[in-house]
Amino acid sequence: MREVMTDIKRWQTEQEEVALATVIETWGSSPRRPGAKMALTPDGKIAGSVSGGCVEGAVFEAGVEALEQRRPRRLHFGVADETAWDVGLACGGEIDIFVEPLDPELAARIGRLLNEERAGVVATVVEGPEEYVGAKLFVDEDGTVSGDLDEGVAAAVREEAAVTLAAGQPRRITVPTEAATLELFLDVILPPPTLIMVGGVHIAIALAKMARALNYRTIIVDPRRAFGSEERFPEVDELIQTWPQEAFANLALTPSTAVTMLTHDPKIDDPALKIVLDSSAFYVGALGSSRTHARRRRRLLEDGVAEEKVDRIHAPIGLDIEAQTPEEIAVAIMAEIVAARRKRRPTEEVEGGK
């Protein structure tokens, strides 16, 4: 939602009606994944993408129709391999898209969530009796539920929303009711991803620049003022010149947070690891060779850190691309962080291809 929100706000300020299209299911090699958005107005304004191809034309027409009729629609597109590229579905993929008039109140609520950098789930009925389709529940990160559906559905959605937020990925669920079984799409609203770098070393300079290019919020933690200085890191979002124990006491570690340990100094890295490994951060990496990590692992286990938590550490940090320079090492680290955030192994099929 973040990628289309700026345009939506502008259009609504101009008193435009807005329709929202959301990818809710894909099969095969669809270029866009569940949760991808396209917003549109009847006079031809478009933001975002749901396929990267000519499917957008059909989706636009369906969006205009949804606004005219004040009714949502579920669309399905599927093509054979030989015609896939003509409609933007690579390698014969299939895609389901839910198109609906965008409620200004819902848009404002999501906008506030994004501005406050909080998490939440928007649950939408995408299949069921006509009177249910399009109905929504909004689940805040604290579990508060509000919306159009009854308490039984709300209770089921609240439980599933917690799982969805922990995974950080949208998903579909089914909820039985007395009237019918409802299919809901649970869309995740997450704060912008954050990269916390413990250690203002030379690698961190390149890594911070790369993370910012990928729209990560960047934070440097280093008690050594010669390393964690403004001269070395003029563009990071936050520079914390204190020990990790104090720094992490005031930092939120969420499912949108990645943390890298870059100092090679056990006095700095080990206390930070003990805190971070007990959090919901989606990525924890530590610089050093296999031998260095073996010693680190032994220290943590001897200090009482559970083995399954120590196993969370990506070490040696980064993808194995034979990186040598700080910039190459930063590429390897950032690629591994992206892979972890997308919950996909680096060798798996990439978006939009085989």
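Residues numbered from 1 in each chain as written. Predicted model: local features only at pLDDT ≥ 70, side-chain atom pairs only at ≥ 80, totals over all residues. Heavy atoms only, no water.

Moving on to the pairing of strand β6 (residues 120-127). For β6, the tally of buried residues reaches 7 of 8 residues, placing the bulk of the element in the interior. Sheet topology note: the β6/strand β10 (residues 181-189) ladder contains 7 bridges and is antiparallel. If you follow V121 over to β10, its bridge partner there is V188. (Buried < 20%, exposed > 50% of the residue type's maximum accessible area, 1.4 Å probe, protein only. Helix = DSSP H or I, 4+ residues; strand = E, 2+ residues; numbered from the N terminus. Pairing = 2+ DSSP bridges.)

Another point: helix α8 (residues 290-302). Along its 13 residues, α8 runs 18 Å from first to last C-alpha, staying within 8% of the 18 Å computed at 1.5 Å per residue. Turning to α8, its buried residues are H293, R296 and L300. Taken around the axis of α8, the buried residues stretch over an arc of 60 degrees, which confines them to a single face. In α8, those exposed residues whose orientation departs by more than 90 degrees from the buried face are R291 and E302. In the core, the buried residues of α8 are packed alongside α7 (266-276), β15 (283-286), α9 (307-310) and β16 (313-314). (Expected span 1.5 Å × (residues − 1). Arc of directions from axis to C-beta. Contact = heavy atoms within 4.5 Å.)

Bringing the sheet that holds strand β1 (residues 19-27) into the picture now. Pairing is antiparallel across the open sheet formed by 5 strands, whose spatial order is β3-β2-β1-β5-β4. The sheet is open, and its two edges are formed by β3 (46-48) and β4 (73-78), each paired on a single side. Shown here is a sheet whose adjacent strand axes are inclined to one another by a mean of 20 degrees, direction ignored. The pairing of β1 with strand β5 (residues 94-101) spans 8 bridges and is antiparallel. Within the sheet, the bridge partner assigned to E25 lies in β5 and is D96. Here helix α2 (residues 55-69) sits on the sheet and contacts β1, β2 (37-40), β3, β4 and β5; the angle it forms with β5, its principal contact strand, is near 30 degrees. (Axes fitted to C-alpha atoms, helices over the stretch in contact; angles between N-to-C directions.)

Close contact between α7 and α8 brings their axes to 11 Å; oriented N to C, the two are set at 55 degrees. By the angle between their directions, the pair α7 and α8 is classed as oblique. Seen from above, α7 lies across α8 with right-handed handedness. Residue-level inspection shows P266, D270, L273 and K274 of α7 in contact with α8, the latter providing R296, R299 and L300. (Parallel < 35°, antiparallel > 145°, perpendicular 65-115°, else oblique. Left-handed = near helix turned anticlockwise from the far one by under 90°.)

Where helix α1 (residues 2-13) meets helix α3 (residues 104-115), the closest approach of the two axes is 11 Å, and the angle between their N-to-C directions is 130 degrees. Viewed along their axes, α1 and α3 adopt a mutual orientation that is oblique. Pair α1 / α3 crosses with left-handed handedness. Two secondary-structure elements touch here, α1 through R2, M5, I8, K9 and Q12 and α3 through P104, A107, I110, G111, L114 and N115. Residues that form the contact of α1 with α3 fall into these classes: 6 nonpolar, 3 polar and 2 charged. (Nonpolar A, V, L, I, M, F, W, Y, C, P; charged D, E, K, R; others polar.)

Most often, soluble globular proteins keep nonpolar side chains buried together rather than apart. Residues L195, M197, L207, L262, I333 and I337 are the most contacted members of the largest nonpolar core, which totals 26 residues. Elements with a minimum of two residues in this core: β11 (194-198), α5 (202-213) and α10 (326-341). Not counting residues up to four positions away in its chain, the partners in contact with L207 are L195, M197, T260, L262, A330, I333 and M334. (Core = buried A, V, L, I, M, F, W, Y, C linked by side-chain atoms within 4.5 Å.)

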